[in-house]
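Summary of the model geometry
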Amino acid sequence: MASTDQVALAKVNYYMRHNYYRQVQTTVLECMKKYGSDPVLLFWKAVGMIMEDRIAEGMRELQTIREKRDVILCTAMALSYAHKQCSTVDREAVQELETKVKHERQTCGEKALYFAGQFLLHTGRHDKAREYVDRMLKMSPGNSEGLILRGWIDLTCGRDSFVKKSVKLFDEALAMSDSPKPVEALLGKAKYLEIRHKYTGALDITNQTVVAYPGFMPALIEKMHMQLALQDWEQTVETAQRALSQEGHCIEAVRTIVLYQLCQEGKYTEAAAQLGELIQLMDRFEPKNHKLYYEMAKCFCRVSGRQRLVLQQTVTLVERAQSLASLNAEYATERAYELLLQQQVKEAMKAYRMAMKLDETSVVALTGVIHCQLLEGQLEDAEQQLEFLREIQASVGLSSELLYLLALLSHKKGNSGDDVVQLLNETIETHFKSLKGLPLGPKYFEKMNPDFLLQIVRDYLYYAPSEALRPGQPPSDVLSRCAGILDPLTRGAPGILEGVYCLARVKFLSGDIEGAHVTVQHCLDHDATYSDAHLLLSQVYFHQENYVLAGQSLEVALSYNFEVRNNPLYHLMKARIHKQTGELAEASHTLSTALNIPGIKKSVTGGRKPSKSKPPSLSDRVAVYLELADTHRLLNQAHEAAKVMQDAIDEFSGTSEEIRVTISNADLALDRGDVDHALVMLQSVTPDKTYYPQAVEKTAHIYLHYRKDRQRYAGCYQQLVEKRQDAHSYLLLGDAFMKIQEPNRAIEVYETALKKNPRDGALASKIGKALAKTHNYAKAVNYYEAALRAGGPSVLRYDLAELHLKLKQYEKASRVLKMALEQEHAGELSMMMDEVRFLILLAQVSQRSGDLTEAMNALSRARDIQVIVVSRTATEQPDAVPAQRSLAGSICRQLAEHSASMREFDTAIHLYKEALKQDDMDDKAMLALARLYLSLDNLDACQHQCLALLRTNKDNDAVTVMMADLMFRRNDYDSATFHFQQLLERKPADSLDKHADGNSGPSFTLSTTDWTFNPNTTLPPTTAWHDHYEGLARLIDLLYRAGRLKDSEKFLEKAETASPRSSQDAGFHYCKGLAERFMNKPTVALKHFNLARKDIRWGEQATVNMIEICLNPDNETIGGETFESVDMDGSSGAEKLDSEMAAVATAEKLLKELKPKPGSQQVAVLEAFHLLATKLKPNIERALSMFMEIVATERDHVPALYGMAAAYMVLKQTPRARNQLKRIAKMQWNSTDADKFEKSWLLLADIYIQSGKYDMATELLKRCLQHNKSCWKASEYMGYIMEKEQSYRDASMHYENAWCNGSQNNPAVGYKLAFNYLKAKRFVDAVDVCHQVLATHPAYPKIRREILEKARLHIRV
């Protein structure tokens, strides 16, 4: 029995509720294949026919089942309903049927009552339907079908008291039923939640229905509607595609896709094509449904953006509706409205009059006629009709359409802008009331009517200022209203490009230049031919002082639409660009041309018929005159300037722009030197004028800059406050007091302003910052705390935390931020953005206090939230996406920097890559990643990043330096030289060092500016050396590691001779000390480092070098046992020990000068090595403990691991030392720890040599020389191994490298070299080396007797 098939009946009921009557019949026919000619199915088939106006056919079907018990009651009702729909009503038949209904309802069963209730529900008779269902429930209490039907009756009756009860009925029915739950109950509960705006809950219920009933199309359609209500367009379209894959003729799915293409994508051509397919589907599957045709046309034409192709299709839809119901006045009215959208005003008026003939009471048609009359300039007729309409609607309230026509009439009659704006304000308030409670969907867009809203915005902008507001200046009421209209419009329908363009223009006029740039670029990304958007982009570029691009945008606008030549804005921008480029004559000619544009000299009045082109706004007309007068002034054409200004005064006298002319006239007077006349003109402006505040600001400017009268300057703003006691006036007065250095009075004024606008977070923030500026930090803190206790905005917590951070009160700052983060924000986007700001500041506080773990946690949390923010801004605030993605990249970059500082290099690389995913143009992240790759010796990856950076900025100095470093690492010295030379040629001389004495650091404009490797390169001018010392230091390090340290001497000599004050430059002494240290001349190096020790820029690095030299002056392998210590100058062991202890004591003093940095273990490592250098067992054990603590926090901290190994070696615990050194040997080399890697490999090689493992030692030593070709200690070890293997020629070669790279300063190496020369029978070379050693160390004990004399003897022989 079909009466028991709840799924089939649910589908029938769904299509009946949504007026898809042919779909009802189709569904019934499908069911009849299964159930045959079931009376219930035949009944609904007949009802579908009747609803389609196929009344005779439907009645014939009903006659065949009129005596069937289950449908006897509903059949009689349907026949009665059908008779009443006929053009000629058979009263007798109706009376007979109604009598039958009264009789049968007394005796019929519960099924008959149930179907009768359903029919009554679908025909809109809710009270009667409730009566029948209640009778059924009395006969069968707890009947789930009856409960569900009663729920639907209450839900759709329109009375809130019944709607609230409906959900209980659905829940009761669901509780009674086993799985699967009744589909009608599930749909009913979802609909209830939708009505209550609980769309997420409704979607959950709908999803359950889709899962329980996979082939049930209504469930998929409802899911699509819920996803759209949640503004999840992506999922909505996906569900629509899924619906079409199940049922290719699903009209609702196609409608949704068309809506998506129009509202979200702005793809009008594709939407028009899809609309054509939709019309074909309706012609085939709902051919008689005139109401559906009408609804489709009504929605789509309002979101069409007036695109011709789309409007052609909507006209076809409404014509289909008219052909099916030719006497319907609504359809005729809609046809007229669409003609009006196509700017066919005369045809639209005829159509509206035809609609009025069909229904003389049609207010919509009359409103349309009046609109057409206004557009045609028939103001008197329109005014009379409007008065008539106002009287009709006075009792119920004026509609938004009527209010708009009143505003349009006021504008056409030339009334004041304030009157027009007030009417427009009422229009918008009334219009948006009608949208309250509507979910996003076709009905919402129909009621919203984006085209109507855009027309209102266009009218508002006519009265908006033509120039962008200055920073800090509050937007005008007109701009605020426009933003309030455009915000929901562009969020709901970003595909309507005119809305996005208007939003960009409003942002520009409000002073948000960057926001305007992003928004207008979004317009052009969708439609590159949008000429108005190019004009606006030109204005944006002009404000960004990018005049070349501003001019290019104007030319592009003209290339796409020659009509822009009739737009005064085009000529204004062109003239302004000419003025900025010094082409004043061209600017004057351009503006003179603009004066001849129709409407500039004489405004369009209501009495004359307007031209087809849009008349220029009042503000644009004024701007042309004022710009031309200013151009004449710059050309010293005072007479012409005065003439144009007089024309402007005559033209705009009595208008809202008159004061703007007066202010510009005052500027002309100032230019003539007539300050008194300028003041007289400005003081004539009365407080009731719109531009009165600007006049006051100009007056104040004159008193401050021309009269130098600070008191009168402030007095101007005090006068403004007396006349206009609003928050903005007080704000200007406060700013004035701050400008003349009277912060205490400013604070008083700010506090008064805050009382007038207690929710102004920016104003409250100004008070706190003003208090901080007076250095009254305690009072500032107290103010912030009191304001927060009084419920101040969250921005104050941020300011308070910043102040605590500035005062180094890290614990208090952290407490304030954590308190802010504990507040609930219920997922609001703005609150989530604030939470990210708080977390970033918390990370800074934690870092400054030394708690890196807390800093990392805060940044990680900020990153997780920011990912959600970026995702949501894509739909809620599309113009904010670039800034939010940039912030997400910045957070990832900071996390990467922390990870790199903790030597978690793999994590750092991953985070840098994540930063670049968020913002692929983040040069900082790319540069940092390249540096990290370079430090890890991953040269290919580093080069890839460098080349990517150079593609975007070929003059990037830091990248050029890095490329040079890369070439050095690859032994490609010519290429390295090229990169240094390229840098030098690009920036031969940077900014001068502005610090006179050598102890104040030079000003560096480049982070790593390197010098060319070629010794023959011309040196930069003297002053440039102050800015190249950092590069010189880097070059010395690279030359040292390349084994070409001798070349550095030439650069140092030229630097010394090029700058007369090099002896005072800390940078020069640092570079000199670095070279001397690399040359194994510790004493000389210490002298130079000491001269740089007190410098701000070089002091810390110089001090670290001095400490390292003092702790190990001979660069010995700490804990090494291969080489016995040799007294090179013949001094006693006691004297040497005293010298070492003195050096250790010096290192201790120097250590006290170093201040530990958060996140850096450098000072702790140096302190531990100092303890190790004392050679006292308790100190060594303490040093070992310190090294272990560092390793516990940073597992792969190479300096600490090396320190542990050295301590173990000194304590004679070689196996433990070897374990630590093996750990280091397995690690990836990085330039940050290059020195400690080298020492670790040398110490491990020493251990292997002592164990006779020469192959393993040789491998480590080669690794040392690979990364540092000047490592003379590695060469010495290699010589030792060769000597042990009696390969004296090879040994002498390695010892020779050690001797040369050690600058021939180590007598022990000299002795070994001479000895191996002797063994290799190179007697002359042996004698030469002996003389070199004895020249610097004449008391060296062994070399004369054991080598020199023997070599001479062999030479004689």
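These numbers were taken from a predicted model, which means no experiment stands behind them.

**Looking at the overall build of the protein**
If you tally the helices and strands in the protein, you get 70 helices and zero strands. Expected size for 1357 residues packed as a compact globule is a radius of gyration near 34 Å; at 44 Å, the protein overshoots this value by more than 25%. Counting contacts in the protein only where the partners sit at least 6 residues apart, residues at least 24 apart contribute 59% of the total. Of the roughly 61100 Å² of accessible surface on the protein, 49% is carried by carbon and sulfur atoms.

**So, a nonpolar patch on the surface**
Together, Val363, Phe388 and Ile392 give the surface a local cluster of nonpolar side chains, amounting to about 230 Å² of exposed area. Relative to the helices and strands, Ile392 resides in helix H22 (residues 379-393).

**A few points about the side chain of Ser899**
Looking at the secondary structure, you find Ser899 in helix H48 (residues 881-901). When sequence neighbours within four positions are dropped, the list of residues in contact with Ser899 reads Met856, Glu904, Thr907, Ala908 and Leu911.

**Some details on the environment of Asp160**
Secondary-structure assignment places Asp160 in helix H10 (residues 160-176). By relative accessible area, which is 41% here, Asp160 ends up partly exposed. A C-alpha to C-alpha distance of 37 Å links Asp160 and Leu29, two positions 131 residues apart in sequence.

**Focus: the pattern of salt bridges**
Side-chain pairing between opposite charges can occur once the charged atoms of the two side chains come close. Throughout the structure, instances matching the rule amount to 59 salt bridges. Ionic pairing is found between Arg17 and Glu184, a salt bridge with its closest N-O pair at 3.4 Å. Residue Arg17 is located in helix H1 (residues 6-17), and its partner Glu184 is located in helix H11 (residues 183-195); the two are separated by 167 residues in the primary sequence. Judged by its relative accessible area of 9%, Glu184 is buried. Notably, a salt bridge pairs Asp127 with Arg130, separated by 3.0 Å at the nearest N-O pair. Taken together, the residues span about one helical turn, with Asp127 and Arg130 both in helix H8 (residues 126-139) at a distance of three residues. Exposure remark for Asp127: the relative accessible area of 48% places this residue in the partly exposed category. A single salt-bridge network, built from bridges that share partners, covers Asp127, Arg130, Asp134, Arg150, Asp154 and Arg159.

**Quick word on the packing of helix H62 (residues 1198-1210) against helix H63 (residues 1214-1226)**
Following both chains from N to C, one finds H62 and H63 inclined at 160 degrees, their axes separated by 7 Å at the closest point. In terms of orientation, H62 lies roughly antiparallel with respect to H63. The crossing of H62 and H63 is left-handed. Contacts between H62 and H63 pair Val1198, Leu1201, Tyr1202, Met1204, Ala1205, Tyr1208 and Met1209 from the former with Thr1214, Arg1216, Ala1217, Gln1220, Leu1221, Arg1223 and Ile1224 from the latter.

**Looking at helix H36 (residues 658-671)**
Between its first and last C-alpha, H36 extends 20 Å over 14 residues, near the 20 Å set by a 1.5 Å rise per residue. Of all 14 residues that make up H36, 11 are buried, and the element is covered over most of its length. Among all positions in H36, only Ile659, Arg660, Val661, Thr662, Ile663, Ser664, Asn665, Ala666, Leu668, Ala669 and Leu670 are buried. Residue Gly673 follows H36 closely and has a positive phi angle near 85 degrees.

**So, unusual backbone geometry**
Not every positive phi belongs to a glycine, and Asp53 is a case in point at roughly 70 degrees. As for its placement among the helices and strands, Asp53 is situated in the loop between helix H3 (39-51) and helix H4 (55-63).

**Regarding the packing of aromatic side chains**
The tally for this structure, following the rule as stated, stands at 24 aromatic pairs. Ring geometry for Tyr501 and Tyr530: centres 5.5 Å apart, planes at 35 degrees, overall tilted. You can see Tyr501 sitting in helix H28 (residues 497-509) and its partner Tyr530 sitting in the loop between helix H29 (513-526) and helix H30 (531-543), a full 29 residues away along the chain. By relative accessible area, which is 11% here, Tyr501 ends up buried. On the accessibility criterion, Tyr530 (15% relative accessible area) is buried. Between Phe1169 and Phe1187 the ring centres are 5.1 Å apart and the planes differ by 65 degrees, which places this aromatic pair in the edge-to-face class. In this pair, Phe1169 is assigned in helix H60 (residues 1162-1173) and Phe1187 in helix H61 (residues 1177-1193), connecting sequence segments 18 residues apart. Grouping residues by exposure puts Phe1169 and Phe1187 together as buried.

**Quick notes on the packing of helix H7 (residues 110-122) against H8**
Two numbers describe how H7 lies on H8: the axes approach to 8 Å, and their chain directions differ by 160 degrees. Accordingly, the angle class assigned to the pair H7 and H8 is roughly antiparallel. Judged by the sense of rotation from one axis to the other, the crossing of H7 with H8 is left-handed. The residues of H8 that touch H7, namely those facing Glu110, Leu113, Tyr114, Ala116, Gly117, Leu120 and Leu121, are His126, Lys128, Ala129, Tyr132, Val133, Arg135, Met136 and Met139. Within the contact of H7 with H8, the residues separate by chemical class into 10 nonpolar, two polar and three charged.

**A closer look at the nonpolar core**
Core analysis: the largest hydrophobic core is formed by 193 residues, its most contacted members being Phe43, Trp44 and Phe445. Apart from residues no more than four positions distant in its own chain, Phe445 is found in contact with Trp233, Leu259, Cys263, Cys299, Arg302, Val303, Leu440, Pro450, Gly492 and Ala493.

**Some words on the environment of Ala1217**
Relative to the helices and strands, Ala1217 is located in helix H63. Judged by relative accessible area, which is 0%, Ala1217 ranks as buried. Once the C-alpha coordinates of Ala1217 and Glu1276 are considered, the two residues, 59 residues apart in sequence, prove to be 22 Å apart. Sequence-distant contacts of Ala1217, that is, excluding residues within four places in its chain, are made with Ala1205, Tyr1208 and Met1209.

**Digging into the confidence of the model for the protein**
Of the residues in the protein, 91% have a pLDDT of 70 or more, and the chain-wide mean is 83. Every residue in residues 984-1027 scores below 50 in pLDDT, and together they form 133 contacts with partners more than four places removed in sequence or on other chains. Low pLDDT, under 50, characterises residues 1125-1132; the stretch is placed with 10 contacts to residues that sit more than four places away or in other chains.

**A short note on helix H37 (residues 675-683)**
Within H37, burial applies to Val675, Ala678, Leu679, Met681 and Leu682. Considered in projection along H37, the buried side chains sweep an arc of 160 degrees and stay on one side of the axis. Residues of H37 that are buried in the fold lie against H36 and helix H38 (692-705).

**Remarks on the environment of Arg91**
Mapped onto the fold, Arg91 is located in helix H6 (residues 91-107). Residue Arg91 is classed as exposed on the basis of its relative accessible area, which comes to 63%. Between the alpha carbons of Arg91 and Gln378 there is a distance of 50 Å; along the sequence they are 287 residues apart.

**Some details on the state of the cysteines**
What is meant by a disulfide is a covalent connection between two cysteines, made through their sulfur atoms. If you walk through the whole model with that rule in mind, you get zero disulfides. Between Cys31, a cysteine without a disulfide, and Cys74, which holds the nearest cysteine sulfur, the sulfur-to-sulfur distance is 16 Å. What makes Cys31 buried here is its relative accessible area of 13%.

Conventions we followed
Residues numbered from 1 in each chain as written. Predicted model: local features only at pLDDT ≥ 70, side-chain atom pairs only at ≥ 80, totals over all residues. Heavy atoms only, no water. Helix = DSSP H or I, 4+ residues; strand = E, 2+ residues; numbered from the N terminus. Rg over C-alpha atoms; globule rule 2.2 N^0.38 Å. Contact = heavy atoms within 4.5 Å. Areas by Shrake-Rupley, 256 points an atom, 1.4 Å probe, with all protein chains shown as cover. Patch = residues over 30% accessible without salt bridge, like charges linked within 9 Å, V, L, I, M, F, W, Y side chains within 5 Å. Salt bridge = Lys/Arg side-chain N within 4 Å of Asp/Glu carboxyl O. Buried < 20%, exposed > 50% of the residue type's maximum accessible area, 1.4 Å probe, protein only. Axes fitted to C-alpha atoms, helices over the stretch in contact; angles between N-to-C directions. Parallel < 35°, antiparallel > 145°, perpendicular 65-115°, else oblique. Left-handed = near helix turned anticlockwise from the far one by under 90°. Expected span 1.5 Å × (residues − 1). Phe/Tyr/Trp six-rings, centres within 6.5 Å; stacked < 30°, edge-to-face > 60°. Nonpolar A, V, L, I, M, F, W, Y, C, P; charged D, E, K, R; others polar. Core = buried A, V, L, I, M, F, W, Y, C linked by side-chain atoms within 4.5 Å. pLDDT = per-residue confidence, 0-100. Arc of directions from axis to C-beta. Disulfide = S-S within 2.5 Å.

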